[in-house]
Amino acid sequence: MARETEAIVLPPMDWADLSISMLEIGCSGQFEVISNPATESNIPPPHTTLPHGLPPYAEDLISEVEKRYLHDPEWLPIHNFERAFEKFQNVFTRDRCLDSLLHLDTTPIHSTLKVVRNPTTGELLDFQEELLEDTGLSSKNSLSLQRPPGPASQGVKGSTTNYPFWPGGMEEPNLDQIKKKSQFEEDIDFDKNLLSVPPGFKKGMDFSKKDLNGPSSSINLFSLLSSVDDDAFDLGNEDREEIDLGKVNGQKEEQPSKKSLQKTNSLEDLGVESSVTTSDAILPSPTSTPVVKELEKEHWAIPVDVHTPCTDFYKRIPDPAFKWPFELDIFQKQAILHLENHESVFVAAHTSAGKTVVAEYAIALSQKHMTRTIYTSPIKALSNQKFRDFKTTFQDVGLLTGDVQLRPEASCLIMTTEILRSMLYNGSDVIRDLEWVIFDEVHYINDAERGVVWEEVLIMLPDHVNIILLSATVPNTLEFADWIGRIKRKKIYVISTLKRPVPLEHYLYTGNSTKTQKELFLLVDASGNFLTKGYYTAVEAKKERTSKHAQSFGAKPAAHAATASQDRSVWLSLLDALYKKDQLPVVCFTFSRSRCDENARGLVTLDLTTNAEKSEIHVFFHKCIARLKGTDKQLPQVLQMIDLLKRGIGVHHSGILPILKEVIEMLFTKGLVKVLFATETFAMGVNMPARTVVFDSIRKHDGTAFRDLLPGEYIQMAGRAGRRGLDTTGTVIILCKSGVHEMADLHKMMLGKPTMLQSQFRLTYTMILNLLRVEALRVEDMMKRSFSEFHTRKDSKVYEQKIAEMTKTLSSMPEVDNVGQLCDLESYYVTVQEIIHTRRELQKRVMESVNGQKALSVGRVIVVNNLKHKNALGVILQVSSDAVNRTFTTLVLCEKNAEQVVSQDDKAALTPEDLVPRKLFLPDGPCSSIIEKLKSEDIFSVTAKTLKIHTDRIIDDFNKRQMPRFKHDPPGQAVTTTTQELLRLTESNPNGIPALDPVNDFQIKDLEVVESSMRLRHLEEVLGTFNCVHSPKFSEQYDRLNKRMQIQDELDRLRYLISDQSLLLLPEYEQRIKVLKVLKYIDDSCTVQLKGRVACEISSHELMVTELVFDNVLSDLPPEEIAALLSCLVFQQKTQVEPEISTSLQEGIKRIQSVAERIASIQRDCGMRESGEDYVAQFKFGLLEVVYCWARGMPFSEIALLTDVQEGIVVRCIQRLDETCRDVRNAARIIGDPVLCAKMEQASMMIKRDIVFAASLYTQ
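Remember, predicted model here, so these are calculated numbers, not experimental data. One numbering rule holds for all chains: residues counted from 1, following each sequence as written. With pLDDT at 70 or above as the cut-off, local features in this predicted model cover only qualifying residues; side-chain atom pairs require 80 or more to be listed or tallied, and sums for whole chains, interfaces and linings still use all residues. Derived side-chain values reflect all non-hydrogen atoms in the structure, with water molecules and hydrogen atoms excluded from consideration.

Trainee: What exactly am I supposed to notice about the overall build of the protein here?
Mentor: Within the protein, the secondary structure is distributed over 45 helices and 27 strands. Within the protein, the proportion of its 1260 residues that are buried is 44%. Reported accessibility uses the Shrake-Rupley method at a 1.4 Å probe radius. Residues are deemed covered only where the shown protein chains occlude them. Counting every atom, the protein has about 69,500 Å² of accessible surface; 53% of that belongs to carbon and sulfur. Each helix corresponds to a stretch of at least 4 residues labelled H or I by DSSP, and each strand to a stretch of at least 2 residues labelled E; elements are numbered beginning at the N terminus. Burial classes follow relative accessibility: with a 1.4 Å probe on protein chains only, a residue under 20% of its type's maximum area counts as buried, one over 50% as exposed, and anything between as partly exposed.

Next comes the structure, spelled out in structure tokens:
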């Protein structure tokens, strides 16, 4: 009974036995228990309110495997084993298919069949096989636009493994050129000299003969060809060409009945030879004179007359692509007419003249044509501003910068020039649809650091892309446009206007208080006239106040010692005067960031806004910074800026946070900022005009030293004065704080010519590697087409024609007889030319030396040897003051009728007596003299003799006897005495007067002069040993050789000018190639290796970054330390604060410096000029602690206290650092280092936060 009453112990209930389940509620991690209806499989379905459960989070691999394969009832149910096994079998059981392991791309079809029909009846006669062009092309093997597009992921920026598209203007190699090149290659023995291992490979193919034991029925192409009779080849086309050729030349030649094939390495060579022969015979000779004349008159830059009205503009363009609410200027209409004709233009005009109209029409035209336009700007900030402006106008606009990519599929893309260069090198498919590229601010090409980018882009643009250049006024627009036209082989229409829409008036301000605030003196009026009266009035006003100050307070302090309170007084008085005259807003250009801040902070008593404006500024400012974190909103710079802005004062320079600069620009455009203290960068780019522009100073530091503003710089900044449609004139004021500037300096700066566009082309390792990876492109071709080589290369076509002409002339000249007694004639000629050259160089050095100039003074006796006088004595009467082309007025001994002597033939044979005369000239008859102006090369030697002469009397007497009425008068006493003295010296020294030695007498101890002097003596001694001078044919054959050698020398000179050897940068190119070979970026055959491919991914400091990656300097470090160390690549400022860093970072610095020293040492060993110290010093670690703390999450307000570098520069450096991190990540991906790749990805994520990477207001 006890057993019956015993409690039955049931097993614990499993969750599957319960009719409830858990429901996830949202993403917060909360659960709710709900009832669950029973199912046949007893497996409750999962419930969730999200499609895939909670958001994923990072977990290790073991947890993921356990969760998916062990814990998930869908994958491994606990109770239903049969269902589980069925599911696993469906997953793992599959049919074996060995063919799926093999993949072979389909071979492209190389030919097609073409139907041949009777042209009259249409009857089908035959089928002909025709070869298809451009088959098998891809972005990895072709530069053609016919290649298929690449993957969509590479459509915008391309890939470093892609080939670029063929640059426009470069001649693509054709069959003729390929054959011509092959003539200079060495002959290859196809039986013995074939390579079995390709260059760069470790293993190759075994081409040794093996017994394949193949069936006898196998077909061999060679056996087929050898068995076919020669007549079987249909060479009818070639025969027909030759028959036509005979008709053209008017000759009837009997064609051979049987044509034999030439022995050749390729069947294609037969077609090449045939086409070459035909084209060469039919085309006119390239050496004909009309062709040369036509090439000489060739002009690629076409100036457009902007003064002729376009009365038929609307007739020629009845349906314009874009319309403006105002009437266009003449230069704008001219430019639009050329755009409609699909022609490239160069528009040069002053700031605010309306150049943007041309860009807008090009964008509208491309949208009408359903093509694309790229608008490039020199700086990222300008790209953002243009994006906002064009997006308002056209909507379909995209933006590409280093860290932002907005709407890359748009028809108009705005980007920096560096991005476009990268797209061109990487073969971006955007280039296919490109119709226009607009280069804004082209005068930025003068920038020493980045100007080369413009030249690279212009050279690399394909032929179908048209170019629009927008620039401030520069003096050499035609020259620059001619260069672009020549390299692109297309006309460039130059539209230049000096007219300002709002004329400028330039003033000097000498006031410094309320009493003197009216001291504003007009210096240049609206018509461009320089008023000296205004200048002298300003000088007097400044001088008068200076004297009063000295009487009251003693001597005036030094000019540079103006105190902050004096500066504040000047600004307060000036701004008050401008406010009263209603000449605000004003832009105050100050060439120092710290001075900008000091000037703004000093105006604490100045308030220029109304209450309504203050409210609008407050609302707009806080709306703009609403996206910032709480701590970022409380940054000292933010709080200080809102206080200044509410009073109508702004500050704009590179040290200001980017988001604050954009706020200030927008408020200035709205007219709420009345006074803006800015540096020069504000004048670059968008149209933000003011009523008045003030210059705090006209001197700036250009990175090397202090100097006055250049005319171009002054015009660019002064052009911000004057608002079109609002002001009749713009006012420009120059402050005279310490004194009035020199009149000459002011005149040159205000009215001088702007700086010319000058080439800043230089070689970079990235350029070299990007071109070396494409066999068809050569670095030498890039250098030839640079603006720096323009002047030497612009006549290359004419040179080629002259070379052809001279080669033909040379081949038609009779050969030189150099046998027998004349066998050493050529050696004699070489010796003669060397004597003449050495003597000329020695003479030049003597003339340049101090002792030589002293010796060649009045009264010195010299030996004259030229075309008119042979070894005659002369005395110097006068020496010209021109140091470059110095001439010597000399009285020379001659025959009685020397005045009527005609110059001797300069082609006569030069004998040893002519070159080394032993005897002085002695007149055979009556002695006379003549006065001539001699050049330095006419003086054979300088003797130790001097004469006392009356120079003035001799010259006056000679000039008198040049008059017709005194022509037959006898020479005066002074002339006769000097002539008799020269005759006496000649008679007493018949074998010559000892000459002064360059080394012993003139004391020129230079090694080169000593060697030349010894060499000259040796050559003069050797000259008498030649036998050819005794031959009776010597004169005739020497003259013949001389003519041939003159033509040959000119040929060599012209060939050198058009060859690669004449390139200015060729030595540096060869040095950089050596560096790349030593570092293993390329092999001995200049094939790009893995390190070279990695370097192509790096945007700056490519060698340094690549070496750091391959040396594993970064792999073992945490991401925050990697980011901190890489900051040395982007930080260029000087800092006085020493960063506090850990031991591991100190070790990293040492390793980076060690790598830099190694690279510098290799560059120095390869001959490059840059010193090792300069190369290592460019990597600065001043922001290392700041970046390290920022990557670890420290707020910006705290890291700003760690350095004296201004906040805006810190932000810019961290933004550039993110680009470097992405470069290193790509490099790690290429070399297969997943650890470093993941760390760089993490480092990039760690620094991309908060105010540093706040989105631009222009892109919102």
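Trainee: Looking at this structure, I do not really get the packing of aromatic side chains. What am I missing?
Mentor: One pair of aromatic rings is described through two measures. These are the centre distance and the angle between the planes. Side-chain rings of Phe, Tyr and Trp, where Trp is taken by its six-membered ring, are said to pair if the distance between their centres is within 6.5 Å; with planes under 30 degrees apart they count as stacked, over 60 as edge-to-face, and otherwise as tilted. Scanning the model with the defined rule gives 24 aromatic pairs in all. Aromatic side chains Phe-346 and Phe-480 sit 6.0 Å apart centroid to centroid with 70° between the ring planes, which places their arrangement in the edge-to-face category. On the criterion of sequence distance, the pair formed by Phe-346 in strand β6 (residues 344-348) and Phe-480 in helix α15 (residues 477-488) is long-range, its members being 134 residues apart. With respect to burial, Phe-346 and Phe-480 carry one shared label: buried. A ring pair is formed by Phe-668 and Phe-682, whose centres lie 5.7 Å apart and whose planes are at 85°; its orientation type is edge-to-face. Here Phe-682 lies in the loop between β18 (675-678) and β19 (692-695) and Phe-668 lies in helix α22 (residues 658-670), a separation of 14 residues in the sequence. Taking relative accessible area as the criterion, Phe-668 reaches 4% and is therefore assigned buried. Taken together, Phe-322, Trp-324, Tyr-361, Tyr-375, Phe-390 and Phe-394 form an aromatic cluster joined through their ring pairs. For the cation-ring pair, Lys-491 lies above Trp-300, with the distance from its terminal atom to the ring centre recorded as 5.1 Å. The positively charged end of Arg-1249 is found above the aromatic ring belonging to Trp-1190, 3.6 Å away from the centroid. When the NZ atom of lysine or the CZ atom of arginine is within 6 Å of a ring's centre and also within 35 degrees of its normal, the charge is said to sit over that ring.

Trainee: For this particular structure, what's the right way to read the packing of helix α19 (residues 611-624) against helix α21 (residues 636-646)?
Mentor: In a packed pair of helices, the relevant descriptors are the angle between the two axes and the axis-to-axis distance. Working convention: axes come from line fits to C-alpha atoms, limited for helices to the stretch in contact. Angles between N-to-C directions cover 0 to 180 degrees. Look at α19 against α21: their axes get within 9 Å of each other, and the N-to-C directions meet at 150°. Comparing their axes, α21 and α19 come out roughly antiparallel. The crossing of α19 and α21 is right-handed. Where α19 abuts α21, its residues Lys-614, Ile-617, His-618 and Phe-621 lie against Val-638, Ile-642, Leu-645 and Lys-646. Of the residues belonging to the contact of α19 with α21, the class tally is five nonpolar, one polar and two charged. Any angle from 65 to 115 degrees is called roughly perpendicular, while one under 35 is roughly parallel, one over 145 is roughly antiparallel, and all others are oblique. The handedness criterion is simple: a crossing whose near helix is rotated anticlockwise from the far helix by less than a right angle is left-handed, and one whose near helix is rotated clockwise is right-handed. It only takes one pair of heavy atoms within 4.5 Å for two residues to be counted as in contact. Under the grouping applied here, Gly and all other residues not named as nonpolar or charged are polar, the nonpolar ones being Ala, Val, Leu, Ile, Met, Phe, Trp, Tyr, Cys and Pro and the charged ones Asp, Glu, Lys and Arg.

Trainee: Whenever I open this one, the pairing of strand β11 (residues 434-439) confuses me. Can you help?
Mentor: Residues in a regular strand point their side chains to alternate faces of the sheet. The buried fraction of β11 amounts to six of the six residues, a majority that puts the element mostly inside the structure. In this sheet, β11 lies alongside strand β7 (residues 372-377) in parallel orientation, the contact comprising five bridges. Across the sheet, Arg-372 pairs through a bridge with Leu-434, a residue of β11. At least two bridges found by DSSP between two strands are what make those strands a pair. Of the pairings in the sheet, the one linking β11 to strand β12 (residues 466-471) comprises four bridges and is parallel in character. What sits directly across from Phe-439, in β12, is Leu-469. Crossover connection from β11 via helix α14 (residues 451-460) to parallel β12: handedness right-handed. Crossovers are marked right-handed if the path from the first strand over the helix to the second runs clockwise, as seen with the strands pointing away from the viewer.

Trainee: Is there a simple way to think about the pattern of salt bridges in this case?
Mentor: Opposite charge on two side chains makes pairing possible when the charged atoms of those side chains draw close. When a carboxyl oxygen of Asp or Glu is within 4 Å of a side-chain nitrogen of Lys or Arg, the pair counts as a salt bridge. Scanning the model with the defined rule gives 49 salt bridges in all. For the salt bridge of Lys-333 with Glu-327, the shortest nitrogen-to-oxygen distance reads 2.6 Å. Look at Lys-333 and you get buried, because its relative accessible area is 10%. Judged by its relative accessible area of 49%, Glu-327 falls in the partly exposed class. Where Arg-1072 meets Glu-1068, a salt bridge forms, and the shortest distance between an N and an O atom there is 2.9 Å. Of this pair, Arg-1072 and Glu-1068 both sit in helix α36 (residues 1066-1078), separated by four residues, roughly a single helical turn.

Trainee: When you look at the packing of helix α13 (residues 417-425) against α14 in this model, what are you seeing that I'm missing?
Mentor: Between α13 and α14, the shortest axis-to-axis distance is 9 Å and the interhelical angle comes to 40°. The pairing of α13 with α14 is recorded here as oblique in orientation. Crossing of α13 against α14: the hand is left-handed. Contacts between α13 and α14 involve Thr-417, Glu-418, Leu-420, Arg-421, Leu-424 and Tyr-425 from the former and Val-453, Trp-454, Glu-456, Val-457 and Met-460 from the latter. Here the residues of the contact of α13 with α14 sort into seven nonpolar, one polar and three charged.

Trainee: Looking at this structure, I do not really get the pairing of β18. What am I missing?
Mentor: On β18, burial covers both faces: Val-675 and Phe-677 on one face and Leu-676 and Ala-678 on the other are all buried. With four bridges connecting them, strand β16 (residues 586-589) and β18 associate as parallel partners. Residue Cys-588 lies in a different strand from β18, and its bridge partner there is Phe-677. Looking at chain direction, strand β17 (residues 649-652) and β18 are connected through four bridges and run parallel. If you follow His-652 over to β18, its bridge partner there is Ala-678. Where the polypeptide runs from β17 across α22 and back to β18, its parallel neighbour, the crossover connection is right-handed.

Trainee: Please clarify how the nonpolar core should be interpreted in this entry.
Mentor: Most often, soluble globular proteins have nonpolar side chains that are buried together. Formed by 216 residues in total, the largest nonpolar core has its most connected members in Phe-439, Phe-480, Phe-695, Met-1104 and Phe-1196. Per element, the largest residue contribution to this core is eleven residues, and it comes from helix α44 (residues 1207-1231). Beyond its immediate chain neighbours, meaning those up to four positions away, Phe-1196 contacts Asp-632, Leu-635, Leu-657, Trp-1190, Glu-1207, Val-1210, Val-1211, Ile-1251 and Val-1252. Each nonpolar core is a collection of buried residues, namely Ala, Val, Leu, Ile, Met, Phe, Trp, Tyr and Cys, held together in the definition by side-chain atoms within 4.5 Å.

Trainee: Mind showing me how you'd approach the sheet that holds β12 here?
Mentor: Pairing between the strands of a sheet comes from backbone hydrogen bonds, and it takes one of two forms, parallel or antiparallel. Spatially, β5-β13-β6-β12-β11-β7-β10-β8-β9 is the arrangement adopted by the nine strands of the open sheet, whose pairing is mixed. With partners counted over all chains shown, the strands left at the sheet margins are β5 (301-303) and β9 (405-406), one partner each. Sheet topology note: the strand β8 (residues 397-400)/β9 ladder contains two bridges and is antiparallel. Residue pairing across strands places Leu-399 opposite Leu-406, the latter belonging to β9. Across the sheet, helix α12 (residues 380-394) is in contact with β7, β8, β9 and β10 (412-416); its angle to β8 comes to roughly 170°.

Trainee: I tried to follow helix α23 (residues 711-718) on my own but got confused; where do I start?
Mentor: Residues spaced three or four apart along an α-helix face the same direction, because each turn holds 3.6 residues. Of all eight residues in α23, seven are buried; the element is thus mostly enclosed. Residues of α23 that are buried include every one of Pro-711, Glu-713, Tyr-714, Ile-715, Gln-716, Met-717 and Ala-718, and no others.

Trainee: It is not clear to me how the environment of Glu-775 should be interpreted in this structure. Could you clarify?
Mentor: Here Glu-775 shows up in the loop between α25 (765-772) and α26 (779-784). On the basis of relative accessibility, which here comes to 76%, the residue Glu-775 falls in the exposed class. For Glu-775 and Asn-141, which are 634 residues apart along the polypeptide, the C-alpha to C-alpha distance reads 9.7 Å.

Trainee: Would you mind going over the side chain of Ser-159 with me for this structure?
Mentor: When you line up the elements, Ser-159 lands in the loop between β4 (124-131) and α4 (175-184). For Ser-159, the contacting residues outside a window of four places in its chain are Lys-140, Gln-154, Asn-426 and Arg-773.

Trainee: So what exactly am I meant to see when it comes to the side chain of Gln-385 here?
Mentor: Residue placement: Gln-385 occurs in helix α12. Relative accessible area serves as the criterion here: at 6%, Gln-385 is assigned to the buried category. Whenever a nitrogen or oxygen atom comes within 3.5 Å of another N or O atom, the pair is scored as a polar contact, on the condition that within protein one atom can donate a hydrogen and the other can accept it, and that pairs from neighbouring residues in sequence are kept only if both atoms are in side chains. Here the side chain of Gln-385 touches Glu-665 through a polar contact of 2.5 Å, side chain to side chain.

Trainee: How do you make sense of the sheet that holds β19 when you look at a structure like this?
Mentor: Strand order in this open sheet of seven strands is β15-β14-β22-β19-β16-β18-β17, and the pairing throughout is mixed. Edge positions in the open sheet fall to β15 (520-524) and β17, since each of these has one partner strand only. Shown here is a sheet whose adjacent strand axes are inclined to one another by a mean of 25°, direction ignored. Each of β14 (504-509), β16, β18, β19 and β22 (730-735) is contacted by helix α17 (residues 564-580), which is oriented at about 165° to β22, the strand it contacts most.

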